[in-house]
Amino acid sequence: MTTAIIGTGGIGSAIARQLASGGETLRLSSADPASARTLAAQIGRAAVVAVDNRDAVQGADAVVLALRFTVLKGVIDEIAGPLTGQLVVVPSNPLTLDAHGSLSLVLPKGQSSGKVVAGWLPAGARLAMAFGTMSADLFESASNRSPQPAVLFYVTDDDRAGQEVERLIRAAGFEPVKAGGLEQSGRLEVGGDLHDLVVGPAEARSLIGGA
Ligand SMILES: NC(=O)c1ccc[n+]([C@@H]2O[C@H](COP(=O)([O-])OP(=O)(O)OC[C@H]3O[C@@H](n4cnc5c(N)ncnc54)[C@H](OP(=O)(O)O)[C@@H]3O)[C@@H](O)[C@H]2O)c1
């Protein structure tokens, strides 16, 4: 199946490599097309570079918006039409980096980023917050663990989105575990209790219940 990945920076490129290694074909776009072209060349035949963000979504079965939180709404507005009826996967953490390299929250503490993103999407788009639960390096090194796969947590309010994102998580080399609805997105983010954890399914399920 085909996934569009919009944003080919730190996490977008890691997601692209893992999905391609799991057999997914990819349509890539980025602000500077050279960035998507470089990644596509690394990945090989499984990846094509789209003309622009709207073109990336054409014919895709799922869309990953691997973008900084502060640019998400602008890109969603740009591609809103084609997002209707799509699975939309968002790994973004609601953080921004200042000129001194310090991270700060872009939402009031306690506000669910998943709910905020859901409010930006067109009716009919199905949202899962996923693939942003580990730093890019850890995400790649923890994939395809054997004999027991590591868990990748996700949240969604939509059962169909859950099934679809679980397929992508397995393709990327992880075992999917739902941590709850979108209101639980903070648990997956930097500073959340489920962030940057490499755990198997049994421990993951006990952690979810233990919040
Ligand atoms: N990096 C990580 O380890 C990591 C892990 C988990 C979650 N996250 C979260 O994931 C999000 C992205 O982080 P990142 O580290 O991947 O950021 P990044 O390295 O800055 O990459 C952002 C990507 O977005 C692209 N972009 C910006 N504006 C765009 C637009 N209008 N249309 C299309 N593409 C656009 C950039 O294009 P260009 O390449 O052309 O500039 C770049 O490829 C953040 O919210 C972060 O908190 C990151």
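Residues numbered from 1 in each chain as written. Predicted model: local features only at pLDDT ≥ 70, side-chain atom pairs only at ≥ 80, totals over all residues. Heavy atoms only, no water.

Assigned secondary structure in the protein consists of 9 helices and 10 strands. In summary, the protein has a C-alpha radius of gyration of 16 Å against a globular reference of 17 Å for 211 residues, a match within 12%. For the protein, the spread of C-alpha atoms along the principal axes amounts to about 45 × 40 × 40 Å. Across the 211 residues that make up the protein, the buried fraction comes to 52%. A sequence separation of at least 24 residues applies to 68% of the contacts in the protein between residues at least 6 apart. Carbon and sulfur atoms provide 51% of the accessible area of the protein, an area that totals close to 9,200 Å². The centroid of the 17 positive side-chain charges in the protein is displaced by 3 Å from the centroid of its 21 negative side-chain charges. (Helix = DSSP H or I, 4+ residues; strand = E, 2+ residues; numbered from the N terminus. Rg over C-alpha atoms; globule rule 2.2 N^0.38 Å. Buried < 20%, exposed > 50% of the residue type's maximum accessible area, 1.4 Å probe, protein only. Contact = heavy atoms within 4.5 Å. Areas by Shrake-Rupley, 256 points an atom, 1.4 Å probe, with all protein chains shown as cover. Lys, Arg positive; Asp, Glu negative; His and termini not counted. Charge placed at Lys NZ, Arg CZ, Asp CG, Glu CD.)

To continue, consider the site of the ligand. If you check the shell around the ligand, you find 23 residues, and the closest are T8, I11, D32, R68 and A136. Between an oxygen atom of the ligand and a main-chain N or O atom of G9, the distance comes to 3.0 Å. Taking R68, its side chain carries an N or O atom lying 2.7 Å from an oxygen atom of the ligand. Taken by itself the ligand offers 900 Å² of open surface, and the protein chains cover 73% of this. For the shell around the ligand, the secondary-structure elements that each account for two or more residues are α1 (10–21) and α4 (69–78). Looking at side-chain class alone, the shell around the ligand contains 10 nonpolar, 11 polar and 2 charged residues. (Near = heavy atom within 4 Å. Polar contact = N/O pair within 3.5 Å; in protein donor to acceptor, adjacent residues only side chain to side chain. Nonpolar A, V, L, I, M, F, W, Y, C, P; charged D, E, K, R; others polar.)

Moving on: the packing of aromatic side chains. All told, the structure shown has 3 aromatic pairs when counted by the stated rule. Aromatic pair F131 and F139: ring centres 5.9 Å apart, planes at 80°, arrangement edge-to-face. Neither F131 nor F139 differs from the other in exposure class; each is buried. Ring-pair connections join several aromatic residues into one group, and the members of that group are F131, F139 and F174. (Phe/Tyr/Trp six-rings, centres within 6.5 Å; stacked < 30°, edge-to-face > 60°.)

In this section: the side chain of Q18. Looking at the secondary structure, you find Q18 in helix α1. When residues no more than four places from it in sequence are discounted, the contact partners of Q18 are F139, E140, S143, N144, A171 and A172.

Here the focus is the pattern of salt bridges. Taken as a whole, this structure holds 10 salt bridges when the rule is applied. Close ionic contact of K115 with D157 constitutes a salt bridge, the shortest N to O distance being 3.0 Å. Here D157 lies in the loop between β9 (151–156) and α8 (159–171) and K115 lies in helix α6 (residues 113–120), a separation of 42 residues in the sequence. On the basis of relative accessibility, which here comes to 43%, the residue K115 falls in the partly exposed class. Given a relative accessible area of 45%, D157 falls into the partly exposed group. Measuring nitrogen to oxygen at the nearest pair gives 3.5 Å for the salt bridge that ties R170 to E175. Judged by relative accessible area, which is 45%, R170 ranks as partly exposed. Salt bridges sharing common partners tie together R126, R160 and E164. (Salt bridge = Lys/Arg side-chain N within 4 Å of Asp/Glu carboxyl O.)

What follows is about unusual backbone geometry. Most peptide bonds adopt trans geometry, and most residues besides glycine take a negative phi value. Following S146, the chain continues to P147 via a peptide bond in cis, the omega torsion being 5°. Looking at the element boundaries, P147 is found in the loop between α7 (136–141) and β9. At N144, a position not held by glycine, the phi torsion is positive, near 50°. Residue position: N144 is located in the loop between α7 and β9. You can call N144 exposed: its relative accessible area is 53%. Positive phi, close to 60°, is recorded for D196, a residue that is not glycine. Tracing the sequence through the fold places D196 in the loop between β10 (175–180) and α9 (201–209). With a relative accessible area of 35%, D196 lands in the partly exposed category.

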